[in-house]
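# Per-entry structural report
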Amino acid sequence: MATQYEVEHNIKPTAESGGRRRRQVDMSTFTSHLHQLSTDDTASAPRHHNPHATPNPVDLAALFRLLQDQMGTLAMTAPTEANRDFLRQLFESLEDDISNPPTRIQGVSQQYLDGLDRVPRKQVKEDEACPICAEKYLDDQYCLVVELPCHHSHRFDLECVGPWLLSKGNCPLCRKDLTKKKEVVVEDDEEDDDPNGLYA
């Protein structure tokens, strides 16, 4: 199965590398399970024929367990204690969702994920690494780095952060909810209180 950056760059994985980096996790089972649970009708056909059908708690718990298993796998081979601690935090956060599954998938849409700002390779620092897999972005010939809208420093490999965003909908670093649109703040102007000048 091709990864997102392989699709975007129209590349085929080589036999010797398998097209995968050393610590990149395989999320194909997670993606398949999410696709089965999704009620997103933006595809050519709705996932469910019954508009009232919703994923059951067991299915949702299984989705979070798949993501948690991958975070646990990465934590076992974490190159630094900081990366291991970060992955443990993500692991524990997923434990809450497994024990008490939400009534619906609270993540962002695939369209949202596809629209995340890509960070051009020339703007990536040489020692900059993904907080999830801890691999340096520039070690990957076809790195696909995205910047989350919560903060300019919250950058990830799309392959690493995608499953988290699709299931949880918040930033793995600051936990800001990315499913809510920015609210427009209207300045309260005295003239707006009396638009017709009746009380002057």
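For the structure, check the block above.
Residues numbered from 1 in each chain as written. Predicted model: local features only at pLDDT ≥ 70, side-chain atom pairs only at ≥ 80, totals over all residues. Heavy atoms only, no water.

## A few points about the overall build of the protein chain
The number of helices and strands found in the protein chain is 7 helices and 3 strands. For the protein chain, buried positions account for 37% of its 200 residues. For the protein chain, restricting intrachain contacts to residue pairs at least 6 apart in sequence, the fraction spanning at least 24 positions comes to 63%. For the protein chain, the computed accessible surface area is about 12,700 Å², with 49% contributed by carbon and sulfur atoms. (Helix = DSSP H or I, 4+ residues; strand = E, 2+ residues; numbered from the N terminus. Buried < 20%, exposed > 50% of the residue type's maximum accessible area, 1.4 Å probe, protein only. Contact = heavy atoms within 4.5 Å. Areas by Shrake-Rupley, 256 points an atom, 1.4 Å probe, with all protein chains shown as cover.)

## Here we look at the packing of helix α2 (residues 28-37) against helix α3 (residues 57-76)
The N-to-C vectors of α2 and α3 enclose an angle of 160°; their axes lie 9 Å apart at closest approach. One element, α2, and the other, α3, form an angle in the roughly antiparallel class. In this structure, α2 crosses over α3, and the sense of that crossing is left-handed. Contact with α2, carried on its side by T29, F30, H33, L34 and L37, involves D59, L60, A62, L63, L66 and L67 of α3 and no other residues of that element. Here the contact of α2 with α3 is composed, by residue class, of 8 nonpolar, 2 polar and 1 charged. (Axes fitted to C-alpha atoms, helices over the stretch in contact; angles between N-to-C directions. Parallel < 35°, antiparallel > 145°, perpendicular 65-115°, else oblique. Left-handed = near helix turned anticlockwise from the far one by under 90°. Nonpolar A, V, L, I, M, F, W, Y, C, P; charged D, E, K, R; others polar.)

## Concerning α3
Compared with the 28 Å implied by 1.5 Å per residue over 20 residues, the 28 Å span of α3 between its first and last C-alpha is a close match. Within α3 the residues assigned to the buried category are L60, A61, L63, F64, L67, Q68, M71, G72, L74 and A75. Sitting at the head of α3, N56 places a side-chain oxygen 3.0 Å from the backbone nitrogen of V58. (Expected span 1.5 Å × (residues − 1). Polar contact = N/O pair within 3.5 Å; in protein donor to acceptor, adjacent residues only side chain to side chain.)

## Overview of the side chain of Q68
By the secondary structure assignment, Q68 is in helix α3. Discounting chain neighbours no more than four positions away, the residues touching Q68 are F91, L94, E95 and I98.

## Concerning the nonpolar core
Formed by 41 residues in total, the largest nonpolar core has its most connected members in I132 and L165. Residue assignment for this core shows that the elements contributing at least two residues are α2, α3, α4 (81-99), β2 (145-147) and α6 (158-167). For this core, the leading source of residues is α3, giving 8 residues. In this structure L165 touches G107, V108, L113, L116, L148, N170 and L178, once residues within four positions along its chain are discounted. (Core = buried A, V, L, I, M, F, W, Y, C linked by side-chain atoms within 4.5 Å.)

## Points about the sheet that holds strand β3 (residues 155-157)
Read from one edge to the other, the open sheet built from 3 strands follows the order β1-β2-β3, with strand pairing classed as antiparallel. Two strands close off the open sheet at either side, each with one partner strand: β1 (117-118) and β3. One ladder, built from 2 bridges, connects β1 with β2; its direction is antiparallel. In the strand pairing of β2, R118 is matched with V146. Helix-sheet contacts for α6 involve β1, β2 and β3, and the interaxial angle to β3 is about 100°. (Pairing = 2+ DSSP bridges.)

## Side note on unusual backbone geometry
Residues other than glycine seldom take positive phi values, yet A134 does so here, at roughly 65°. Along the chain, A134 falls in the loop between β1 and β2. Its identity as a non-glycine residue notwithstanding, R175 has a phi of 65°, on the positive side. In this fold, R175 is placed in the loop between α6 and α7 (190-193). Owing to a relative accessible area of 32%, R175 belongs among the partly exposed residues under this scheme.

## Re the pattern of salt bridges
Side chains that carry opposite charge are capable of pairing whenever their charged atoms lie near each other. One pass over the structure, following the stated rule, counts 7 salt bridges. Across the pair R88 and D85 runs a salt bridge whose closest N-O atoms are separated by 3.2 Å. Of this pair, R88 and D85 are both found in helix α4, 3 residues apart, which corresponds to roughly one turn of the helix. Judged by its relative accessible area of 40%, R88 falls in the partly exposed class. D97 is paired through a salt bridge with K168; the nearest N and O atoms lie 2.4 Å apart. With D97 in helix α4 and K168 in the loop between α6 and α7, this residue pair connects regions lying 71 residues apart in the sequence. A relative accessible area of 11% places D97 in the buried class. (Salt bridge = Lys/Arg side-chain N within 4 Å of Asp/Glu carboxyl O.)

Any functional reading would require information beyond the geometric quantities listed.
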